[in-house]
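# Summary of structural features
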Amino acid sequence: MQADLDRQEAWLSHEELDSVRGRVPILYVAAVPVRVADNGDVVAVGLLLRASDSGTMDRELIAGRVNYHERVRDALVRHLEKDLGPMALPSVPASPVPFTVAEFFPTPGVTPFHDPRQHAVALSYIVPVRGDCAPQHDALDLAWLTPDEASETGLQAEMAGGHGALLRQALAHLGLSSF
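Described below are features of the structure shown in this document.

Each value, and the rule that gives it
Residues numbered from 1 in each chain as written. Predicted model: local features only at pLDDT ≥ 70, side-chain atom pairs only at ≥ 80, totals over all residues. Heavy atoms only, no water. Helix = DSSP H or I, 4+ residues; strand = E, 2+ residues; numbered from the N terminus. Buried < 20%, exposed > 50% of the residue type's maximum accessible area, 1.4 Å probe, protein only. Contact = heavy atoms within 4.5 Å. Areas by Shrake-Rupley, 256 points an atom, 1.4 Å probe, with all protein chains shown as cover. Lys, Arg positive; Asp, Glu negative; His and termini not counted. Charge placed at Lys NZ, Arg CZ, Asp CG, Glu CD. Phe/Tyr/Trp six-rings, centres within 6.5 Å; stacked < 30°, edge-to-face > 60°. Lys NZ or Arg CZ within 6 Å of the ring centre and 35° of its normal. Core = buried A, V, L, I, M, F, W, Y, C linked by side-chain atoms within 4.5 Å. Polar contact = N/O pair within 3.5 Å; in protein donor to acceptor, adjacent residues only side chain to side chain. Salt bridge = Lys/Arg side-chain N within 4 Å of Asp/Glu carboxyl O.

Here the focus is the overall build of the protein chain. Of regular secondary structure, the protein chain possesses five helices and seven strands. Secondary structure of the protein chain in N-to-C order comes out as α-β-β-β-β-α-β-β-β-α-α-α. Dimensions of the protein chain along its principal axes, counting C-alpha atoms only, are 45 × 40 × 25 Å. Counting across all 179 residues of the protein chain, residues that qualify as buried make up 40%. A sequence separation of at least 24 residues applies to 65% of the contacts in the protein chain between residues at least 6 apart. Counting only carbon and sulfur atoms, one obtains 53% of the accessible surface of the protein chain, whose full area is about 10,000 Å². If the 14 positive side-chain charges of the protein chain are averaged to one point and the 24 negative ones to another, these points end up 4 Å apart.

See below:
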């Protein structure tokens with residue numbers, strides 16, 4: 001039995017997506033891009049700079065929806081390449097296992113993660129990238145910070161929607177900061 005990957009009804013219009021977002025949780029992937037030394041040590045963490053709808057500039061992690069009939073690993077690669085460019089060369093393991101699952105709510109304060117548009121569940125990964133990276137799509141800048149710089153609470157507090165909390169969890173998972 002062959003899967004019909006080009007089914008038009010698999011893709012939602014903006015209006016349909018808004019309606020679904022108000023009714024069911026949406027699956028996302030989130031990625032913390034890292035540079036890794038030959039010995040396996042994380043030497044840099046990548047953060048994007050984006051303009052928000054309200055006009056502020058925010059540092060963010062890479063995140064986006066998993067499309068219908070898309071494997072999680074393919075969604076990770078798609079979002080990494082969309083934001084970091086086609087030459088980023090992400091190293092997604094053959095069997096990706098998230099370091100955490102972040103649950104975003106439209107109501108602030110339920111969890112550290114907030115998305116006013118929807119209830120979203122993000123499988124969150126730390127992904128080494130080996131290639132040349134440049135901000136793409138709607139990303140204005142890509143900053144590579146040392147783990148110590150990324151651990152600064154002031155920086156994490158400036159990250160909207162709980163991305164700072166997710167970064168803190170990633171650094172703790174790597175043994176690079178206290179949780």
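Moving on, there is more to tell.
Two descriptors summarise a pair of aromatic rings, namely the distance from one centre to the other and the angle between the planes of the rings. For the structure shown, the criterion picks out one aromatic pair. Ring centres of F104 and F113 lie 5.2 Å apart, and the angle between their planes is 50°; this geometry places the pair in the tilted category. As far as burial versus exposure is concerned, F104 and F113 are alike and both buried. Sitting above the plane of the W144 ring, R35 keeps its charged end 4.6 Å from the centroid.

Before going further, it helps to examine the nonpolar core. In terms of nonpolar packing, the biggest core is built from 26 residues, with V32, V45, L47, L61, L166 and L167 touching the most fellow members. The residues contacting L47, other than those within four sequence positions of it, are R59, E60, L61, D141, L142, A143, L145, L155, M159 and L167. In this structure, V29, L48, I62 and A139 belong to the second largest nonpolar core, which totals 17 residues.

Topologically, D141 is positioned in strand 7 (residues 139-145). Separated by 93 residues in sequence, D141 and L48 place their C-alpha atoms 5.7 Å apart. Side-chain polar atoms of D141 contact the side chain of R59, separated by 3.3 Å.

The next point concerns the pattern of salt bridges. In total, this model carries eight salt bridges according to the counting rule given. In this structure, the salt-bridge partner of R50 is D138, at a minimum N-O distance of 2.2 Å. Taken together, the residues span a long stretch of sequence, with R50 in strand 2 (residues 42-51) and D138 in the loop between strand 6 (120-128) and strand 7 at a distance of 88 residues. With a relative accessible area of 8%, R50 lands in the buried category.

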